[in-house]
Amino acid sequence: MSCVSRRDIVAVTPWLAPIVWEGTFDSHLIDNIYRPQNITIAATVFAVGKYIRFLQDFLLTAEQHFFIGYRVVYYVFTDKPEEVPHVNMANNRKLNVVSVPSSNRWQEISARRMELIQTLIEEKLRNHADYIYCLDVDSKFHGPWGAESLGHLVAVIHPGYYGSTRSKFTYERRSVSRAYIAEGEGDFYYCGGAFGGSLKGVHTLADTCRRNFEADAAEGIEAAWQEESHLNRYMWINKPTKVLSPEYLWQDFKPRTPELKIIRFSGVIKNYADIRPNK
Ligand SMILES: CC(=O)N[C@H]1[C@@H](OP(=O)(O)OP(=O)(O)OC[C@H]2O[C@@H](n3ccc(=O)[nH]c3=O)[C@H](O)[C@@H]2O)O[C@H](CO)[C@H](O)[C@@H]1O
Ligand SMILES: [Mn+2]
């Protein structure tokens, strides 16, 4: 077995879900389990407004690293379907474009993803995909992201907070919000930029987050980090069955720490003033 044990990281949660780090799994063995199952992986990515500029690198690098050897279907949500770049793909991989309206607020674009993901699962994915990952477009793949990440409900630890104590997590702290997490509660701070799981697992997550987001909005409340706050609340109540380490969503501006043996996916450095409709 090629896997070596690691003593510098925690590889299991207190509810006994694996925390996936390089060196804790044998991808050959995992592929031997999943390849014969002939599964399809859906990946959603939103490229609305100026974020269309990130799509080409996202797709090119995904074609090098994301579930290579598996059937993959990308769903690109955009208001600029004519600007979706052409990227050559292996014949078991394809891309579908879904037209969506733009918005003047980036917060709304980001948050509305939950509703669109829910609808996609209901209307298009049932019987056509087994697992789904929902990913930020302003990011690139740098290393393999494969079947070791599969699970019913999968969350990624936010790279900004994996070494912090709970009191530093930027959860929604106002009890009026449905994303509220009280002081002293919460497990990890998860990122909104990458999550996934089985269709059923993600459908329930998206449906719940969307309802809570809308109920908040009807009362004039927007959680501190929009859908990311609602996702964190959801994952606190409904524990993820697999947790991915920050290898699965790093940030290019962050210096690498010794625990990080590989970067699989990472957010590019962006000039917010230049790309967001409102700042
Ligand atoms: C790494 C990470 O976890 N990032 C999260 C973080 O900030 P980020 O700064 O990463 O948010 P962001 O600006 O990347 O927006 C999230 C995503 O929404 C889409 N988008 C956004 C604006 C726009 O004009 N057009 C467009 O297409 C695009 O796919 C983008 O990747 O907090 C946000 C809170 O709302 C989301 O939870 C992000 O996922
Ligand atoms: Mn982002």
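Residues numbered from 1 in each chain as written. Chains lettered and ligands numbered in written order. Predicted model: local features only at pLDDT ≥ 70, side-chain atom pairs only at ≥ 80, totals over all residues. Heavy atoms only, no water.

Draft legend 1. Representation of the site of ligand 1 within the structure. Around ligand 1, a shell composed of 23 residues is seen, among which Phe46, Val48, Tyr51, Glu227 and Arg276 lie nearest. Contact distances for ligand 1 include 2.7 Å between an oxygen atom and a backbone N or O atom of Val48. Tyr272 places a side-chain nitrogen or oxygen 2.9 Å from an oxygen atom of ligand 1. When isolated, ligand 1 has an accessible area of 720 Å², and the protein chains bury 96% of it. Broken down by element, the shell around ligand 1 gets its largest block of residues, four residues, from helix α3 (residues 106-125). Taken together, the residues of the shell around ligand 1 sort by class into twelve nonpolar, four polar and seven charged. (Near = heavy atom within 4 Å. Polar contact = N/O pair within 3.5 Å; in protein donor to acceptor, adjacent residues only side chain to side chain. Areas by Shrake-Rupley, 256 points an atom, 1.4 Å probe, with all protein chains shown as cover. Helix = DSSP H or I, 4+ residues; strand = E, 2+ residues; numbered from the N terminus. Nonpolar A, V, L, I, M, F, W, Y, C, P; charged D, E, K, R; others polar.)

Draft legend 2. Looking closely at the pairing of strand β3 (residues 71-78). Burial runs high along β3: seven of the eight residues are buried. The sheet contact formed by strand β2 (residues 40-47) and β3 spans eight bridges and is parallel. Bridge pairing in β3 places Phe46 opposite Phe77. Taken together, β2, helix α2 (residues 55-65) and β3 form a β-α-β motif whose crossover is right-handed. In terms of strand pairing, β3 meets strand β4 (residues 93-99) through seven bridges, oriented parallel. Across the sheet, residue Val76 finds its bridge partner in β4, namely Val97. (Buried < 20%, exposed > 50% of the residue type's maximum accessible area, 1.4 Å probe, protein only. Pairing = 2+ DSSP bridges. Right-handed = clockwise from strand over helix to strand, strands pointing away.)

Draft legend 3. Quick look at the packing of α3 against helix α4 (residues 199-218). Following both chains from N to C, one finds α3 and α4 inclined at 140°, their axes separated by 8 Å at the closest point. It follows from the interaxial angle that α3 and α4 lie oblique. Here the hand of the crossing between α3 and α4 comes out left-handed. Every residue of α4 that contacts α3 at Ala111, Met114, Glu115, Ile117, Gln118, Ile121, Glu122 and Leu125 is listed here: Leu199, Val202, His203, Ala206, Asp207, Cys209, Arg210, Phe213 and Glu214. Taken together, the residues that form the contact of α3 with α4 break down as ten nonpolar, two polar and five charged. (Axes fitted to C-alpha atoms, helices over the stretch in contact; angles between N-to-C directions. Parallel < 35°, antiparallel > 145°, perpendicular 65-115°, else oblique. Left-handed = near helix turned anticlockwise from the far one by under 90°. Contact = heavy atoms within 4.5 Å.)

Draft legend 4. Structural context of the coordination of the manganese ion (ligand 2). The protein atoms donating to the manganese ion (ligand 2) are Asp136 (OD), Asp138 (OD) and Asp138 (OD), with metal-donor distances spanning 2.1 to 2.4 Å. Taking relative accessible area as the criterion, Asp138 reaches 7% and is therefore assigned buried. (Donors = N, O, S within 2.8 Å, 3.2 Å for Na, K, Ca; no water.)

Draft legend 5. Molecular detail of the sheet that holds strand β11 (residues 265-267). Ordered by their spatial adjacency, three strands build an open sheet running β6-β11-β10, and the pairing between neighbours is mixed. Only two strands of the sheet have a single neighbouring strand rather than two, namely β6 (139-141) and β10 (250-251). Note that β10 and β11 share two bridges and pair parallel. Bridged to Gln251 within β11 is Gly267. Together, β6 and β11 form the strand contacts of α2, whose direction differs from that of β6 by roughly 25°.

Draft legend 6. Inspection of the UniProt feature "binding site: Mn(2+)" (unreviewed entry) in the protein at higher detail. As annotated in UniProt, the feature "binding site: Mn(2+)" (unreviewed entry) corresponds to Asp136 and Asp138 in the numbering used here. Positionally, Asp136 belongs in the loop between β5 (131-135) and β6. In this structure Asp136 touches Val45, Phe58, Arg113, Gly192, Gly193 and Phe265, once residues within four positions along its chain are discounted. Polar contacts involving the side chain of Asp136 include one to the side chain of Arg113, which spans 2.7 Å. Note that Asp138 resides in the loop between β5 and β6. Beyond its immediate sequence surroundings of up to four residues, Asp138 is in contact with Tyr51, Phe54, Ser266, Gly267, Val268 and Lys270. (UniProt positions renumbered as here; feature names shortened; annotations may be inferred.)

Draft legend 7. Up close: the pairing of strand β7 (residues 153-157). Burial analysis of β7 places five of its five residues in the buried class, which makes it a mostly covered element. Neither face of β7 is exposed, since Leu153, Ala155 and Ile157 on one face and Val154 and Val156 on the opposite face are all buried. Where β7 and strand β8 (residues 190-198) come together, four bridges link them in antiparallel fashion. If you follow Leu153 over to β8, its bridge partner there is Gly197. Of the pairings in the sheet, the one linking β7 to strand β9 (residues 242-244) comprises three bridges and is parallel in character. Considered in β9, the bridge of Val156 is made with Leu244.

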